[in-house]
Amino acid sequence: GDMEQVDFESIVDQNPFLGQSVALLHSNRKFGIDWGVRGNVNNYFNFLAGFKLSEYKDLYFFQNDSLNPATFQLVYENENTNVMNIYGELVFSRIKNYNLGLRADYFNYSTKTLEEAWHRPTFKLTGTFRYNLYDKIVFGSNIYFLSGMKARSYEGTVSETITLPGIFDLNLSVQYLFSDRLGAFLRFDNIIGRNYERYYRYPSRGIQIIGGVSINF
């Protein structure tokens, strides 16, 4: 088994809407099987397909606080949680300086003391694209789709389990490399402008444009 460290920085990076009191427990991966097969098709495509089965103790989830539903509690499955992950990945890298990848994951969580695997997706699709032009200008794009997230809704003294709508997001980026260590970038996030909810009651922002300078030491 492996002890997977849970720290405040990584938790807040996932969900910045936590309440004031957060108890941190490391996730104990008591057991794990990872079986897969990888290969190559005519030197054009690399593929990977596999199956993971893990058993965790103290696996964490995000649940809306019953006293203040606008914030979240970090809740733990005190009993063992079985997590199944079936995945497939396809990468095209035949052309120099060009990379295109697609990955799909299916997850199943078997919890015992918690009703649901709160805010964890059952299906995840991610795609990446990268093209390096003359080793100076790097174009990039990534897409992702999530579905199957469950949340607890509170209306007065009544609570119910709801399923959040699926999430689709598309981001674009361009980077100019002045040297191996210095570059400037411009990133366009959520360019389709969908106000989805990754976490219940918190719709995402619309189109975001971010620019800056990158320095590698």
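See the structure printed just above.
Residues numbered from 1 in each chain as written. Predicted model: local features only at pLDDT ≥ 70, side-chain atom pairs only at ≥ 80, totals over all residues. Heavy atoms only, no water.

Some words on unusual backbone geometry
Then step 1. For His119, which is not glycine, the phi torsion reads 65 degrees and is therefore positive.
Then step 2. With respect to the helices and strands, His119 occurs in the loop between β5 (98-110) and β6 (123-133).
Then step 3. What makes His119 buried here is its relative accessible area of 2%. (Helix = DSSP H or I, 4+ residues; strand = E, 2+ residues; numbered from the N terminus. Buried < 20%, exposed > 50% of the residue type's maximum accessible area, 1.4 Å probe, protein only.)

Considerations on the nonpolar core
Note on soluble globular proteins: their nonpolar side chains tend to be buried together.
Then step 1. Core analysis: the biggest nonpolar cluster contains 10 residues, these being Tyr56, Leu59, Phe61, Val75, Val83, Phe107, Tyr109, Leu114, Ala117 and Trp118.
Then step 2. Only β3 (45-64), β4 (72-92) and β5 provide two or more residues apiece to this core.
Then step 3. It is β3 that contributes the most residues to this core, three residues altogether.
Then step 4. Residues within four places of Leu114 in sequence aside, it is in contact with Phe61, Val75, Tyr76 and Glu77. (Core = buried A, V, L, I, M, F, W, Y, C linked by side-chain atoms within 4.5 Å. Contact = heavy atoms within 4.5 Å.)

Observations regarding the pattern of salt bridges
Then step 1. A full pass over the atoms with the stated rule returns seven salt bridges.
Then step 2. Among the ionic pairs, Asp2 bridges to Arg29, the shortest N-O distance being 4.0 Å. Within this pair, whereas Asp2 is found in strand β1 (residues 2-4), its partner Arg29 is found in strand β2 (residues 27-41), the two being separated by 27 residues in sequence.
Then step 3. The closest approach of N and O atoms between Glu155 and Arg201, which form a salt bridge, is 3.6 Å. (Salt bridge = Lys/Arg side-chain N within 4 Å of Asp/Glu carboxyl O.)

As for a nonpolar patch on the surface
Then step 1. A surface patch of nonpolar side chains, amounting to about 890 Å² of accessible area, comprises Phe31, Ile33, Trp35, Val37, Val41, Tyr44, Phe45, Phe47, Leu90 and Leu102.
Then step 2. Put simply, the parts of the chain that give the nonpolar patch at least two residues each are β2 and β3.
Then step 3. Counting residues per element, the nonpolar patch draws most heavily on β2, which supplies five residues.
Then step 4. Along the chain, Phe47 turns up in strand β3.
Then step 5. Look at Phe47 and you get partly exposed, because its relative accessible area is 31%. (Patch = residues over 30% accessible without salt bridge, like charges linked within 9 Å, V, L, I, M, F, W, Y side chains within 5 Å. Areas by Shrake-Rupley, 256 points an atom, 1.4 Å probe, with all protein chains shown as cover.)

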